[in-house]
Amino acid sequence: MLFRCSYLALVGGGDTPAWQSNQVVVWEDHLQQAVCQLQLPAPVLAARLQRDRIVVVMQTELHVYTLDRNPSLLLSYSTCSNPDGLTDLCPTSSLLAFPSVDSGHVSLVNIAQDTRTQMRMLPAHSHPLAALSLNMQGTLLGSASTRGTLVRVFDTQTCLLLYELRRGASSACIYSISFNKTSSLLALTADSKTLHVFKLEGQRESRAIAKIQSYEQRLFSLLFWG
């Protein structure tokens, strides 16, 4: 969904799909009609919207198009195998984060600028990525690997590691990472049926300030607005 407007990015799929899995439809919910449609060469795993851009993620590629009735391809990037369609697009700075061609690394680009010479590669983890998230201002990146024991927080300008947050000693699948509005808190959900909340203000070695046991089977995503 694009901010608070009625634009939705829809991807085909399911048992009786309205569109094929390699199609993205931008839907205007107020008018109940499609604004534009994209057909990709491979199944689409994720899509993100900005005021004038559409970001489409496939397993080993990521494309950026104009958001209008006749979308034009602006940028195209290769990634490592990305079966979960990991990506995040900052709504305020046009900063895009996605897996690099090297497993465990993150690419950072500003899709509103000439990014071919400005891409930053961040060696975040030694294992494949499981989750990544930008804060509201696009100044911080949180990431986790498939090992799932910790989350790392980086400065997106300098690519320096600011915080290393330990979820636990045992491996887990981290589903989602989210910052609050002021970037003073970071929360994550995992298949361990727990929600962890970390305080980022003050010391670099942040500690968990809350651990909430969930009795739901899975916690898929987290929206933080605090």
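Each remark here, short or long, concerns the structure printed above.
Structure report, in brief.

### Some thoughts on the sheet that holds strand β3 (residues 33–39)
Consideration 1: Strands sit in the order β1-β2-β3 across an open sheet of 3 strands; the sheet is antiparallel. Looking at strand neighbours, the two that pair on one side only are β1 (7–11) and β3, the edges of this open sheet. Across the sheet, the mean angle separating the axes of adjacent strands is 20° when strand polarity is ignored.
Consideration 2: In the sheet, β1 pairs with strand β2 (residues 23–28) via 5 bridges, with the strands oriented antiparallel. Note that in β2 the partner of A9 across the bridge is V26.

### A look at the sheet that holds strand β15 (residues 161–166)
Consideration 1: Sheet architecture is open: 4 strands sit in the order β12-β13-β14-β15, paired in antiparallel fashion. Each edge of the open sheet carries a strand with a single partner, namely β12 (129–134) and β15. Shown here is a sheet whose adjacent strand axes are inclined to one another by a mean of 20°, direction ignored.
Consideration 2: Alignment of strand β14 (residues 150–155) against β15, held across 5 bridges, turns out to be antiparallel. Each residue of the ladder has a partner; that of F154, found in β15, is L161.

### A word on the packing of aromatic side chains
Consideration 1: Inspection of the entire model under this criterion finds 2 aromatic pairs.
Consideration 2: Taking the centre distance of 5.3 Å and the plane angle of 35° together, the rings of Y77 and F98 count as tilted. A residue pair is termed long-range when its members are at least 10 positions apart, and Y77 in strand β7 (residues 73–78) and F98 in strand β9 (residues 95–99) qualify at 21 residues. Like Y77, the residue F98 is buried in the burial classification.

### Examining the side chain of S100
Consideration 1: Structurally, S100 is set in the loop between β9 and β10 (105–110).
Consideration 2: Note on S100: relative accessible area 1%, which makes it buried.
Consideration 3: A polar contact is formed between the side chain of S100 and the backbone oxygen of V106, at a distance of 3.4 Å.
Consideration 4: Not counting chain neighbours up to four residues away, the residues in contact with S100 comprise T79, C80, H105, V106, S107 and M121.

### Thoughts on unusual backbone geometry
Consideration 1: If you check the backbone angles, C159 has positive phi at about 65° while not being a glycine.
Consideration 2: Within the secondary structure, C159 sits in the loop between β14 and β15.
Consideration 3: For C159, a relative accessible area of 23% translates into the label partly exposed.
Consideration 4: Despite not being glycine, S183 has its phi angle at roughly 60°, a positive value.
Consideration 5: Along the chain, the position of S183 falls in the loop between β16 (174–179) and β17 (185–190).

### Some points on the environment of T139
Consideration 1: Secondary-structure assignment places T139 in the loop between β12 and β13 (140–145).
Consideration 2: The class for T139 is partly exposed, based on a relative accessible area of 37%.
Consideration 3: Distance in space between the C-alpha atoms of T139 and S183 is 9.3 Å, their sequence separation being 44 residues.
Consideration 4: Sequence-distant contacts of T139, that is, excluding residues within four places in its chain, are made with F154, D155 and T156.

Parameters and conventions
Residues numbered from 1 in each chain as written. Predicted model: local features only at pLDDT ≥ 70, side-chain atom pairs only at ≥ 80, totals over all residues. Heavy atoms only, no water. Pairing = 2+ DSSP bridges. Helix = DSSP H or I, 4+ residues; strand = E, 2+ residues; numbered from the N terminus. Axes fitted to C-alpha atoms, helices over the stretch in contact; angles between N-to-C directions. Phe/Tyr/Trp six-rings, centres within 6.5 Å; stacked < 30°, edge-to-face > 60°. Buried < 20%, exposed > 50% of the residue type's maximum accessible area, 1.4 Å probe, protein only. Polar contact = N/O pair within 3.5 Å; in protein donor to acceptor, adjacent residues only side chain to side chain. Contact = heavy atoms within 4.5 Å.

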